[in-house]
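# Examination of the molecular architecture
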Amino acid sequence: MNESTSRTTGGPPRASGGGRSGEATAGGPLPAAPAPAGDLTVDAAALARHTAEGERLLAHLPSAPARTEAETRRAGALHEDCRAARHAFLARHADAVYDTLTADRTRRPRLAELAAEAAVRFPGLVPDASRMAEERTRVQAHKEGREIDQGIFFGALLRSPSAGAHLIESMLRPVPGSAARLAEFRSSDRLELDAVLLERRGGAAHVTFRNAHCLNAEDTRLIADLETAVDVVLLDDRIRVGVLRGGPVDHPRHAGKRVFSAGINLKELRAGAIPFVGFLLGRELGYVNKMARGLLDDDPFGAVTKPWVGVVDSFAIGGGMQLLLVLDRVIAEEGAFLSLPAADEGIVPGLGNLRLTRLTGARTARQIILSGRRIHTDEPAAALLVDEVVPTAGLDEAAERAVHDLAGPAVAANRAMLIHAEEPLDLLRGYLAEFAVVQARRIHSPDVLAKAERHWARSRSTAGPTAVEGAPG
């Protein structure tokens, strides 16, 4: 679906196209949204009627890939009209909606559960299960863009100081199943997940990425496994330090060599298999934020936090580089490089825009994010992002030294205070509120869809593996 407006902020969109002008297309124009009454029940019912009418008119049109240019504009106008109504509703009722969904904040649902419950309790506010199931059957370019509606919803919740803080804290809780995985890890000092291997070596837990078929690129499987692994590391009181490293990969040019991460799996994005809630927003509020801020469990004294070490073999691209921004020690192989090519791909590099500037300064951060500058380990700027550069043979020893340096009893407390100073909760919440809306729109924008198709076509025309973000050929 084409966007009918180009937006860089999270404010309400303006309807455009045929929806207000009475363009002669199937279904007729969508009536104006009713004026808000100020009462949650009344306004929710009005929103449900308005969005239901929008869906009825949308159903008169062919599916996205079969639409003419005029029909595409018409569909975009219908979606934007309904989105404007959702923005207006949430601007008045975000806190009340969140209180309803969380039983006055006595429950802590995760993102997916919150969205599913909202679809039932407030029809039309977010896509329901059947519409999201239909979206999942389509490649990204053929979707209706219903994740934009989810972005509007979560953006509004995060914009609220009270609801947003509660939601962030809820996502810092262990994921279901982590307790069982902890018991398994404690019994053998080893936990094998589909895309991650976790091993205990003394007081350190070594987390190894094992997405070998795609240069350890991030996909939904890796994201889920990483959150489980991070939970286990933080829950296990025998562990003092976590260590992240990429495992060997299958790429013909790197076969058998370790790679940290090639960023987002663009083939999965093109296929429509990179979900907004479970991946693009979920990783930021889930395992990445747990590494930064710690795990909220039943400890009355607050989050359990531990220091983290990153060992970068070959390269850390996109989401891989984003991870380095929350680590306490980064060791890189000689000849490795770091990059955030998300702007070139058309998307937002997670929380990289928030965290990179405080490490590199504004000018270098803009070069990396806006112009795609790669930082190689042999240039001076690398010292802003990497603590130590060593030959390949010395990486294991350097990691052991880092673990020893960070295992002291005061390290965890001091890193927690650094996070409070560098990234206060309200700063994080405000960024995430805008990110939720902007990123949801970006992944459905025409330029991103076109680039994803080009990457996919290029990967099919060569003997190479899955296309991944910014990876060298």
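The written sequence of each chain sets the order in which its residues are numbered from 1. Whole-chain, interface and lining totals are the exception, using all residues; otherwise, since this is a predicted model, local features are given only for residues with pLDDT of at least 70 and side-chain atom pairs are given and counted only at 80 or more. Excluded from the side-chain calculations are hydrogens and water; all other atoms, namely the structure's heavy atoms, are used.

Now for the sheet that holds strand 6 (residues 315-317). Taken together, three strands build an open sheet; the order of strands is 6-8-9 and the sheet is mixed. The sheet is open, and its two borders are formed by strand 6 and strand 9 (375-376), each paired with just one other strand. Only strands that DSSP links by at least two bridges are regarded as paired with each other. Strands are runs of DSSP state E lasting at least two residues, helices are runs of H or I lasting at least four, and both sets are numbered from the N terminus onward. Summarising the sheet, strand 8 (residues 337-339) and strand 9 pair through two bridges and their orientation is antiparallel. The partner of leucine 338 across the bridge, within strand 9, is isoleucine 375.

Time to look at the packing of aromatic side chains. Ring geometry is summarised as follows: Phe, Tyr and Trp rings, the Trp one being its six-membered ring, pair when their centres sit within 6.5 Å, and such pairs are stacked at plane angles under 30 degrees, edge-to-face over 60 and tilted between the two. All told, the structure shown has five aromatic pairs when counted by the stated rule. Relative to phenylalanine 435, the ring of tyrosine 431 has its centre 6.2 Å away and its plane inclined at 15°; by these criteria the two rings are stacked. Of the two residues, tyrosine 431 and phenylalanine 435 both sit in helix 19 (residues 425-442), four residues apart, roughly one turn of that helix. Throughout this description, buried means an accessible area under 20% of the type-specific maximum (1.4 Å probe, protein chains only), exposed means over 50%, and partly exposed covers the range between. Judged by its relative accessible area of 4%, phenylalanine 435 is buried.

Here we take up the pairing of strand 4 (residues 241-246). Within strand 4, six of the six residues are buried, leaving the element largely enclosed by the surrounding structure. Burial along strand 4 is two-sided: Val241, Val243 and Arg245 and Gly242, Leu244 and Gly246, pointing in opposite directions, are all buried. In terms of strand pairing, strand 3 (residues 204-209) meets strand 4 through six bridges, oriented parallel. From the neighbouring strand, alanine 205 faces strand 4, where its bridge partner is glycine 242. Note on handedness: a clockwise path from strand one over the helix to strand two, with the strands aimed away from the viewer, defines a right-handed crossover. The parallel pair strand 3 and strand 4, bridged by helix 9 (residues 220-235), forms a crossover whose chirality is right-handed. Relative to strand 5 (residues 308-312), strand 4 is paired through four bridges, and the arrangement is parallel. Bridge assignment links valine 243 to a residue of strand 5, and that residue is valine 309.

Working note: regular strand, side chains alternate between the two faces of the sheet. Along strand 5, five of the five residues are buried, which leaves the element largely enclosed by surrounding structure. Where burial is concerned, the two faces of strand 5 agree: the one with Trp308, Gly310 and Val312 and the one with Val309 and Val311 are both buried. As paired strands, strand 5 and strand 7 (residues 329-333) are joined by four bridges and run parallel to one another. In the sheet register, valine 312 faces strand 7, and the bridge partner there is alanine 332.

The criterion is simple. A nonpolar core is a set of buried Ala, Val, Leu, Ile, Met, Phe, Trp, Tyr and Cys residues joined through side-chain atoms within 4.5 Å. Ranked by size, the top nonpolar core spans 103 residues in total, and within it Phe153 and Phe154 carry the most contacts. Residue contacts are defined here by distance: any two heavy atoms, one from each residue, within 4.5 Å place the two residues in contact. The residues touching phenylalanine 153, leaving out its near neighbours within four places in the chain, are Leu90, Val97, Leu101, Leu114, Ala115, Ala118, Leu125 and Val126. In this structure, Ala204, Val241, Val309 and Ala399 belong to the second largest nonpolar core, which totals 13 residues.

Remember, this is a structural readout, not a statement about activity or role.
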